[in-house]
Amino acid sequence: MKKYILFCFLSVAGFAVTSLTPIDTIEINGTAKDMVLNGNTLVVATDMGHIEVHDIVKKQKIKEISLPDVKDFMGDMMPARVMSTDVINGTYLLLSDSGKGGYANLYLHKENKTELLIDHTAKKPVIKARFIDETHILLGYLGNEVSLYDTQSKKELYKVQLSESKFSDFALNEDKSQVVFSCESGVLSVVDVKSGKVLKELEGQNVDNVYKVDFKGDTVSAAGQDRRGAIYDAKSGKGSYIEGEFLIYATALSPSIKKVAFAMDEQNNISVYNTSSKSKIALLKGQKSTLNVIIFKDENILFSASDDNTIMVWDLKK
């Protein structure tokens, strides 16, 4: 009898999960490597040497910023793969592969002018960059180092080695006072942005590489190679995880932190959960390839980018 009741409960729970398809798509020229949402504009970094800015209300591309081609290791010219992008008050950040031994080029674009801040001769293997304010940029190095770069002095105010493990991702909290770094060890480092001081290490939920992280309020979500979608309290360090069916490449938290999204299976579907209860709310189907980024615009609208030229738009209400 108990087994029968449990079976019925699971069946009802299974039927309660809403399966959704995209309400819209955004086509870009190239493969999406990074993506940020700023108000009603979506800024997308591509492997074709440019970023695209899309107005999500008017549903049109409003700007494109291109970088010079670079030489690959064979000496052939190719587009500079833009690995990371951001925008603040009309100034755009572009971090690209220089084609020179894994070292990066860092550009700022403002008022139709593109300025090279760091080039490959500085030998900086930077993987990700984000604005802290108009004159400071946070850098994440391949060797899991965090750095705060001053655009006026063109110097790093600090550079801190977080661990010996290879860097994977970082995510800033809403006011950009703290950042969480992930690496191949599965240990997450919560860092004070102003000083570079490590405030807390989050561990125990992921035991392998954490591909992506998100950070809102005091909550951190982590997408793991170990098929675990982890959720931590950044203050207490306590956490738990949701078991996936495949390597989990992407994650995102909703603005209220009531919902968390993970890419949980081999079909690249996005599973949305109640953060507290860990119960599945929705399954988003239709992604064509490996997910790179998931972004919640609000509690119901999401954007997702994969290793292809299609960004998908989702509505949890439909």
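Shown above is the structure to which this text applies.
Below is a short write-up of the structure.

Cut-offs used in this document
Residues numbered from 1 in each chain as written. Predicted model: local features only at pLDDT ≥ 70, side-chain atom pairs only at ≥ 80, totals over all residues. Heavy atoms only, no water. Helix = DSSP H or I, 4+ residues; strand = E, 2+ residues; numbered from the N terminus. Rg over C-alpha atoms; globule rule 2.2 N^0.38 Å. Buried < 20%, exposed > 50% of the residue type's maximum accessible area, 1.4 Å probe, protein only. Contact = heavy atoms within 4.5 Å. Areas by Shrake-Rupley, 256 points an atom, 1.4 Å probe, with all protein chains shown as cover. Lys, Arg positive; Asp, Glu negative; His and termini not counted. Charge placed at Lys NZ, Arg CZ, Asp CG, Glu CD. Salt bridge = Lys/Arg side-chain N within 4 Å of Asp/Glu carboxyl O.

As a further point, take the overall build of the chain. Across its full length, the chain holds 1 helix and 31 strands. A compact globule built from 318 residues should have a C-alpha radius of gyration of about 20 Å, and the chain, at 20 Å, falls within 12% of that. Each of the three principal axes of the chain carries a C-alpha extent, and together these read 70 × 40 × 40 Å. The burial tally for the chain puts 52% of its 318 residues in the buried class. Taking the contacts inside the chain whose residues are at least 6 apart along the sequence as the reference set, 42% of them involve residues at least 24 apart. Entry remark: accessible area of the chain is about 14,800 Å², with carbon and sulfur atoms responsible for 50%. When the 39 positive and 42 negative side-chain charges of the chain are each reduced to one mean point, those points stand 4 Å apart.

What follows concerns the pattern of salt bridges. Summed over all chains, the structure comprises 12 salt bridges. Residue Glu52 is joined to Lys61 by a salt bridge in which the shortest nitrogen-to-oxygen separation is 4.0 Å. Residue class for Glu52 comes out buried when judged on its relative accessible area of 1%. Residue Lys61 is classed as partly exposed on the basis of its relative accessible area, which comes to 41%. Notably, a salt bridge pairs Asp169 with Lys128, separated by 2.6 Å at the nearest N-O pair.

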